[in-house]
Amino acid sequence: MKKSIIYITALMLAAAGFSSCDDDKVLPPMPVPGEDLVIPAPTSTILELKEAYINSSSSGDSFSFATEIGKKADDSDYIIKGVVVSSDKEGNIYKNLMIEDATAGLTIALDLGDYYQKYKVGQELTVNVTGLYIGNYGNCMQLGVAPSGTRKQPGRIPEEEFAARAYAYGFPHAVEPEVVTVEQVNAIQPGTDEFLAMSSRLVEFKDMEFENAGEPLAVKGSSTSRYAMDANGNRIQLYNSGLSKIWTKILPGGKGNIIGILSFYNKEWQILINSYSDLQGFNGSTAPLEEILTESFATSVGVFTIEDVDLAGLTRVWSNDSRYSCMKASGYVSNVNHACSSRLVSPEIDLTGYTTVKASYEQACNFFQSLEAAKAEALFEVQAEGGEWEALTVPGFTDYASWTFKSSGNIDLSKYAGKKIRIAFHYLGSATKSGTWEVKNVKVAGSK
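Residues numbered from 1 in each chain as written. Predicted model: local features only at pLDDT ≥ 70, side-chain atom pairs only at ≥ 80, totals over all residues. Heavy atoms only, no water.

## Quick word on the pairing of strand S23 (residues 341-345)
The side chains of a regular strand alternate, first on one face of the sheet and then on the other. Among the five residues in S23, five count as buried, and that is most of the element. Burial along S23 is two-sided: Ser341, Arg343 and Val345 facing one way and Ser342 and Leu344 facing the other are all buried. Bridge count for strand S18 (residues 305-310) against S23 is five bridges, and the pairing is antiparallel. When the sheet's bridge partners are listed, Asp308 is paired in S23 with Ser342. Here S23 runs beside strand S30 (residues 420-428); their pairing, made up of five bridges, is antiparallel. Within the sheet, the bridge partner assigned to Ser341 lies in S30 and is Leu428. (Buried < 20%, exposed > 50% of the residue type's maximum accessible area, 1.4 Å probe, protein only. Helix = DSSP H or I, 4+ residues; strand = E, 2+ residues; numbered from the N terminus. Pairing = 2+ DSSP bridges.)

Below, the structure written as structure tokens:
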């Protein structure tokens, strides 16, 4: 018995010794992705490639075209290198792979689903692009293959062909987005070097607010445009897929930062987010909002009515302008300024049961004497049942001499929650200088 105990003890000590030796072993280094590849050296920056072909449309159509990429002047191939900045993991970006280097970003039309498993955000990617096609889709440059059918833009590169041309290597690393402002981005014009450099790049907009806070990212099954606004009322589109895994996520309230790919379509910049986590630091609620009142004014006064206070000899102040899908007010008629007063008034809005309420609209103000004059003569007002009209501050009121429509921003009506109210757009003409005020896309929304 004593011998058995000694034997068992010896086995345990031996096992402990072996375990200790194993703990002291150094694990072999993890293989670096792509370390066994022979990777060609880049011969061109992304910006140089885009500059070489931006004006290569044979038809002169800059909106959508495709041109085959030949060899460089020294007879070498165009080989570019960048870091992956997009992901299709959440499905909000579909079959478009975006890369960027120090000079520019580039969208690659790729016929491959779930590419995030093979080409990871933060991973280096070298691509031989000679023989592929480059051109515009909706004025935004992208890389692909020859167009098919009636399409004019580059088609999606088959998986096998891209794999033969592309070299992904190294471990993914954090990619720092370039911090930009809406005003800066909206000033960049298509076709310029700055446009070529910024399109398809990972960027960050700080201190932004969603006009559509409380609504889902997208409508189910449809690509959906939502808008974000900076403190000065400058707007930019957040473009989301209704087929993504995150379309039901709610746009947060308050202010925060948006990280995404800067894209462009037709005449408008867009932000494409890789995931819901790209909406960062928002300090407001994510409670869903429901529409209480909407009116576009696209073809008529709609559900609103006009209540003239003082026409000052005019036959009217407010009229519908179907060309610009808006209601328009002006006290300047036949080269004369009139000190008039008129309201465009909503029907009664019942806020019973609501705890949070907001209003928003789009407006253009022109020919006012100053910004302060516009704020005093183009008023957003609220009247609670049995009360007087009250003018509220409009956070996005930033212009007085432009036909460009800008968002009012979110006007907080929560102090009227539980009450019945009317809202009004109150125009006050001036005998010195009467401006023109255009209003459209009015919305009141709330949560219970």
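The rest of the description comes next.
## As for helix H2 (residues 46-53)
Taken residue by residue, H2 has Ile46, Leu47, Leu49, Lys50 and Tyr53 as its buried positions. Relative to the axis of H2, the buried residues are bounded by an arc of 160 degrees and lie together on one face. (Arc of directions from axis to C-beta.)

## Re unusual backbone geometry
Backbone geometry at Asp75 places phi at a positive 70 degrees, although glycine is not the residue there. Residue Asp207 is not a glycine yet carries a positive backbone phi of 55 degrees. Classification of Asp207 as exposed rests on a relative accessible area of 51%.

## A look at the packing of aromatic side chains
Throughout the structure, instances matching the rule amount to 16 aromatic pairs. Both rings, one in Phe297 and one in Phe304, keep their centres 5.1 Å apart while their planes meet at 75 degrees; by these two values the pair is edge-to-face. Owing to a relative accessible area of 0%, Phe297 belongs among the buried residues under this scheme. Ring geometry for Phe425 against Trp437: centres 5.9 Å apart, planes inclined by 70 degrees, an arrangement best described as edge-to-face. With Phe425 in strand S30 and Trp437 in strand S31 (residues 436-447), this residue pair connects regions lying twelve residues apart in the sequence. Each member of the pair Phe425 and Trp437 is classed as buried. These aromatic residues form a ring-pair network of at least three members: Phe297, Phe304, Trp318, Tyr361, Phe380, Phe425 and Trp437. Stacked on the ring of Tyr78, the Lys or Arg Lys72 has its end atom at 5.7 Å from the ring centre. Stacked on the ring of Phe405, the Lys or Arg Lys440 has its end atom at 4.1 Å from the ring centre. (Phe/Tyr/Trp six-rings, centres within 6.5 Å; stacked < 30°, edge-to-face > 60°. Lys NZ or Arg CZ within 6 Å of the ring centre and 35° of its normal.)

## A short note on the environment of Glu377
For Glu377, the position within the fold is in helix H6 (residues 371-377). Sequence-wise, Glu377 and Thr436 are 59 residues apart; in three dimensions their C-alpha atoms are separated by 10.0 Å. Not counting the four nearest positions on each side in its chain, Glu377 is found in contact with Phe368, His426, Tyr427, Leu428, Ser430 and Lys433. (Contact = heavy atoms within 4.5 Å.)

## What to know about the pattern of salt bridges
Counted by the stated rule, this structure contains 17 salt bridges. Among the ionic pairs, Glu209 bridges to Lys255, the shortest N-O distance being 3.7 Å. With Glu209 in strand S11 (residues 201-210) and Lys255 in the loop between strand S13 (235-240) and strand S14 (256-265), the pair connects residues that are 46 residues apart, well separated along the chain. Judged by relative accessible area, which is 16%, Glu209 ranks as buried. Residue classification places Lys255 among the partly exposed residues on the basis of a relative accessible area of 34%. Among the ionic contacts, a cluster of salt bridges with common partners joins Glu100, Glu178 and Arg201. (Salt bridge = Lys/Arg side-chain N within 4 Å of Asp/Glu carboxyl O.)

## A look at the environment of Thr299
Its place among the elements puts Thr299 in the loop between strand S17 (290-295) and S18. Between the alpha carbons of Thr299 and Gly34 there is a distance of 60 Å; along the sequence they are 265 residues apart.

## Thoughts on the nonpolar core
In terms of nonpolar packing, the biggest core is built from 67 residues, with Tyr119, Leu125, Phe162, Phe205 and Ile258 touching the most fellow members. Residues in contact with Phe205, not counting those within four places in the same chain, are Val180, Thr181, Val182, Val185, Ile236, Gly256, Asn257, Ile258, Leu262 and Ile271. With 37 residues, the next largest nonpolar core counts Leu351, Ile423, Val442 and Val444 among its residues. (Core = buried A, V, L, I, M, F, W, Y, C linked by side-chain atoms within 4.5 Å.)

## Examining the confidence of the model for the protein
Looking at the protein as a whole, its pLDDT mean stands at 92, while 93% of the residues score no less than 70. Scored below 50 in pLDDT, residues 1-22 shows zero contacts in the model against residues more than four places distant or in partner chains. (pLDDT = per-residue confidence, 0-100.)

## Side note on the pairing of S14
The buried count for S14 comes to nine of ten residues, which makes it a mostly enclosed element. Relative to S14, S11 is paired through six bridges, and the arrangement is antiparallel. By the bridge assignment, Arg201 is partnered in S14 with Leu262. Judged from the two bridges that link them, S14 and strand S16 (residues 279-280) form a sheet pairing that is antiparallel. Of the residues in S16, the one forming a bridge with Asn257 is Gln280. Summarising the sheet, S14 and strand S15 (residues 268-272) pair through five bridges and their orientation is antiparallel. Bridging from a neighbouring strand, Ser263 pairs with Gln270 of S15. Between S14 and S15, which pair antiparallel one after the other, the connecting turn spans two residues, and Asn266 there sits at a positive phi close to 65 degrees.

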